[in-house]
Structures are given as structure tokens and as C-alpha cells.
Amino acid sequence: MSADVTGGVAAGGRTRSPLRAGVVGLGWAGQQHMDAYALRPDVELVAIAGLEDEPRVRLGELYGLPGSGLFRGYDEMIAQADLDVISVATPTALHAPVALAALAAGVHVLSEKPLAEDAERGAAMVEAARSADRVLDVSFNHRRRGDVKALKKLVDDGALGEIYYAKAGWLRRSGIPGLGTWFTRKALAGGGPLMDIGVHMLDMALHLMGEPAAQAVSASTYAKFGPRGRGGSVDRPTVAPGADGTVPFEVEDLSTAFVRLSGGATLLLEASWASYIKADELYVVLYGSEGGAVLGTPGVWNQSRLDVLTEMHGVPAELFPVLGPDGRHGEAVDDFLAKVLAPDWSGFHGEDALTRALVVDAAYRSAEEQREIRLD
Ligand SMILES: NC(=O)c1ccc[n+]([C@@H]2O[C@H](COP(=O)([O-])OP(=O)(O)OC[C@H]3O[C@@H](n4cnc5c(N)ncnc54)[C@H](O)[C@@H]3O)[C@@H](O)[C@H]2O)c1
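Computed from a prediction, not measured in an experiment: that's the story for all the values here.

With that settled, the discussion passes to the UniProt feature "domain: Gfo/Idh/MocA-like oxidoreductase N-terminal" (unreviewed entry) in the protein chain. When the UniProt feature table is mapped to this numbering, "domain: Gfo/Idh/MocA-like oxidoreductase N-terminal" (unreviewed entry) covers residues 19-139. Here residues 19-139 runs as 43% helix and 23% strand, with 19 Å between its end C-alpha atoms.

This part takes up the site of the ligand. Looking at the ligand, there are 28 residues lining it, with L26, E52, H95, N141 and R236 nearest. At a separation of 3.3 Å, a nitrogen atom of the ligand approaches a polar backbone atom of Y74. Burial of the ligand by the protein amounts to 87% of the accessible area it has alone, namely 850 Å². If you count residues domain by domain, the shell around the ligand takes at least three from each of domain 1 (5-140 + 331-349) and domain 2 (143-327 + 358-374).

In this structure the tally under the stated criterion is 3 aromatic pairs. Judged by centre distance (5.0 Å) and plane angle (40°), the ring pair of Y165 and Y287 falls under tilted. Of this pair, Y165 sits in strand β9 (residues 163-171) while Y287 is found in strand β13 (residues 281-288), placing the two residues 122 residues apart along the sequence. Y165 sits in the partly exposed class, given a relative accessible area of 22%. A residue is classified by how much of its surface remains accessible, and Y287, at 29% relative accessible area, is partly exposed. A ring pair is formed by F225 and Y276, whose centres lie 4.8 Å apart and whose planes are at 45°; its orientation type is tilted.

Turning to empty space enclosed by the protein, a few remarks are in order. Scanning the model with the defined rule gives 1 cavity of 30 Å³ or more in all. Empty space within the largest cavity amounts to approximately 60 Å³. Lining of the largest cavity is provided by 13 residues; of these, P114, L115, V199, R356 and A357 occupy positions nearest its centre. Listed by contribution, the elements that provide at least two residues to the lining of the largest cavity are α8 (193-208) and α10 (351-369). Residue contributions to the lining of the largest cavity peak at 5 residues, all from α10.

Time to look at the packing of α8 against α10. In contact at an axis separation of 10 Å, α8 and α10 are set at 125° when each is read in the N-to-C sense. Relative to α10, the element α8 lies oblique. Every pair of crossing elements has a handedness; the one defined by α8 and α10 is right-handed. Between α8 and α10, the contacting residues are L194, M195, V199, L202, D203, L206 and H207 on the first element and R356, V359, V360, A363 and Y364 on the second. Here the contact of α8 with α10 is built from residues that sort into 9 nonpolar, 1 polar and 2 charged.

Time to look at the nonpolar core. Soluble globular proteins tend to pack their nonpolar side chains together in the buried interior. Counting residues in hydrophobic clusters, the biggest one holds 81 residues, and the most contacted among them are M77, I86, L151 and L286. With 10 residues, α8 is the single largest residue contributor to this core. Of the domains in this structure, domain 1 (5-140 + 331-349) and domain 2 (143-327 + 358-374) are the two that each give at least three residues to this core. Look past the residues within four positions of M77 in its chain and what remains in contact with it is G22, V23, V24, A47, I48, A49, F71, L83 and I86. Listed in part, the 24 residues of the second largest apolar core include A36, V43, V333 and F336.

Cut-offs and rules
Residues numbered from 1 in each chain as written. Predicted model: local features only at pLDDT ≥ 70, side-chain atom pairs only at ≥ 80, totals over all residues. Heavy atoms only, no water. UniProt positions renumbered as here; feature names shortened; annotations may be inferred. Helix = DSSP H or I, 4+ residues; strand = E, 2+ residues; numbered from the N terminus. Near = heavy atom within 4 Å. Polar contact = N/O pair within 3.5 Å; in protein donor to acceptor, adjacent residues only side chain to side chain. Areas by Shrake-Rupley, 256 points an atom, 1.4 Å probe, with all protein chains shown as cover. Domains from an automatic or database assignment. Phe/Tyr/Trp six-rings, centres within 6.5 Å; stacked < 30°, edge-to-face > 60°. Buried < 20%, exposed > 50% of the residue type's maximum accessible area, 1.4 Å probe, protein only. 1 Å grid on protein atoms, 1.4 Å probe; cavity = no way out; pocket = protein on both sides within 12 Å on 5 of 7 lines; lining within 4 Å. Points joined across faces, edges and corners; volume = space filled by probe spheres on them. Axes fitted to C-alpha atoms, helices over the stretch in contact; angles between N-to-C directions. Parallel < 35°, antiparallel > 145°, perpendicular 65-115°, else oblique. Left-handed = near helix turned anticlockwise from the far one by under 90°. Contact = heavy atoms within 4.5 Å. Nonpolar A, V, L, I, M, F, W, Y, C, P; charged D, E, K, R; others polar. Core = buried A, V, L, I, M, F, W, Y, C linked by side-chain atoms within 4.5 Å.

Written out as C-alpha cells, the structure reads:
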């Protein structure tokens, strides 16, 4: 999508140029959005919000923000900063409150993944975006990876034929983020690895398969590491134990789900923060009528490899496409801004992200009730 901007105002006269952007959340995710806005000549990063004093001041200096652009709470920022666009990079249970406040003020919203802590809250966000007629988008940065983009082009050009089965997973050996922080509290995170990293793999698989509708989900979840204080991540340390010697762990640390899709296709999804495996792994495997594909990486970024299994002139063949650069958050922000600058915002109200939230919800329900949950 290309922006049609003339004399500082987009076609239809609906957007200012430069767009005034704000970011809520000063953690790793929020900083990816700040970086992305700062690189755009047609966007001015005018405000950031977050509870921590030191990073707020440091990031304010880094991005050249005046003191009047630094806020503690998101509500003051939305009321005072005169924003056009806002990125939400807070603990997951705050995505909906921030998005609803921003949409009510006429501000376009780019939320971090997942959409919300459950599908009901996610649906309320989509509804609010529709009635405000503003863009609601979710930052699924992993679908902008070079390997995913190459595979998507092959799939869209028919190289694999009909994709009838897929496997997607992200498994960590020891990577519970901040054991005892908001990440491992049900009310704040909504869930464990399925909600956190599994949602990226679900998004990637559905995107690659051409957005088939999920019809039924059967899932199981396990919590074998977190409750014993094991499996913590080096990047985000475990919090100090409370008086009883434990840290809060109210979510799963491994989930597996089997998803029935429209047209008879199926998807097997795995996500774990901690498990006794040899090494961390991120993968997508597609099974098509004309070819297959294995996208796999031992780390998360930079080491990916895409194998395409096919036939050439009747001879079984294996191809290794040359991969372009990873798009990451910058591309997710660019795609969001392209939607904001488009002449029509219908269809940009977070509908795709809600389909992911409905599958995640159904998976948790299935695990709890030990039965298949139908979505159709
Ligand atoms: N797409 C990705 O690759 C990716 C990676 C990491 C995290 N995330 C997502 O980004 C979000 C944030 O994750 P993180 O790791 O940066 O978290 P974090 O805990 O490091 O940062 C959260 C920030 O939210 C702020 N916050 C909390 N309450 C607030 C309020 N009332 N007003 C203003 N700010 C408030 C905190 O002060 C903090 O700065 C989560 O939804 C997470 O799932 C996405």
C-alpha cells in the first residue's frame, strides 16, 4: 500500500503530516516502536508514557522529546499529547484499556501482540475501532521475517499447491520471561507461551495458509517448570521469591493445540517457554499438494533456513530460496502507517488479530474442559 500524501494532507484530508505519534510502554517492545517512528520522515514521535522514571527520562533524551512529551500514565498522554497514532506496548491486560481510550479520542492504534488477554476484550477493541472508524492493528513482527516473506510469495504463486496440513511451533529450553512478573500472572498476561509466542506462530501459519477460518480447537497445557521456579530466562530474570519461598506462576509453560481449518486443512501448534529439549527452536512446516516447505531456525532471528520440497520435471527436488532481510518491528509499524494513510479504513479494525485471539481462547478452554471446542 502506498500513501497518497499531497501538501501535507493525505487524500481525503483526513490525516496530518507529520503524524503525531505516542508510545505507551518503555520496555523492549515499546522501544522497537519508538525506533520505528523515529526513522519515518512523515511521523513525529511527540510523546512516550511509562511508569519507570529513569528510562522515561533517558528515552526522552534519546528521541529529543521535551519534558511536556513525557508521561507516567497512558491516560494523561492521550488527553494532552494531541496524537494521531499510538503504539501500545504495555502488559497485555492493558492493551484493551489503552486502545479503548485512544480510539474514543480518535487516535489510530497499533497494539503489541497479543490483541488482548482474551477474545472478549479483543472483540470490544475491534468494535470500538469500527465505531470510531479508526485503524486498529496488531504488531505481528515475525510475519515480516525474510524467510516468511519468501515462503508467502511461493505459496501465493501456487508453488506448493493446496496446503492441507501445517505444523508451527516455538519451543524454548529455558525461557520463561520474568518468572513472577506480569508475564506469569493470569490476570495480566491472559496466558503463558501460547498467548506470548504461540500467537506469533499461529499468525504466521494462518497468514501463510491464506487465512483459512478456524473451525475447532483441541488443546492441552502443562505447567511443569514455572511452579517449581525452574525454566527462567536469562534475558528477563526471575523475581525474588516471596515469604513462602515461591514466585507467582499462574499460567502454562507448554501448550499444544490441534486446529481444524476451513476447507479440511489442519494445523498443529506448539509453544513452550521451558521444556527439556536440546535447543530452542522456531519452525513452520507446510504440506502442500504440489510441494512442501520447512522453515526452521535454531535461534529466533538470523539463522533461518527455508527448504522447499518439490518435483522438477518428475524428479524429486529440494530448493533453498535466497532470503531477503528480516522486516521486524519497523515493517509492522510501516504497514500500520500505510493503513492510517489509506483513503479507507474499513477492514483495518483488527479483524485478523481477533481471529487469532478466538483460537487462543478456544485452546485454553479446550485444555481446561479436556474436549474439542468448535468455533463455527
Ligand atoms: N512483538 C514482539 O516481538 C514482542 C516482544 C516482547 C513483548 N511484546 C509485547 O509487548 C508488550 C510489552 O512487553 P514488554 O516486554 O515491553 O513489557 P515490559 O514489562 O518490559 O514493559 C511494559 C511497560 O508498560 C508500562 N506500563 C504499565 N502500566 C502502565 C500505565 N498504566 N501507563 C503507562 N505505561 C504503563 C510499564 O511502565 C513498562 O514500561 C506485551 O504485550 C508483550 O506481549 C511483543
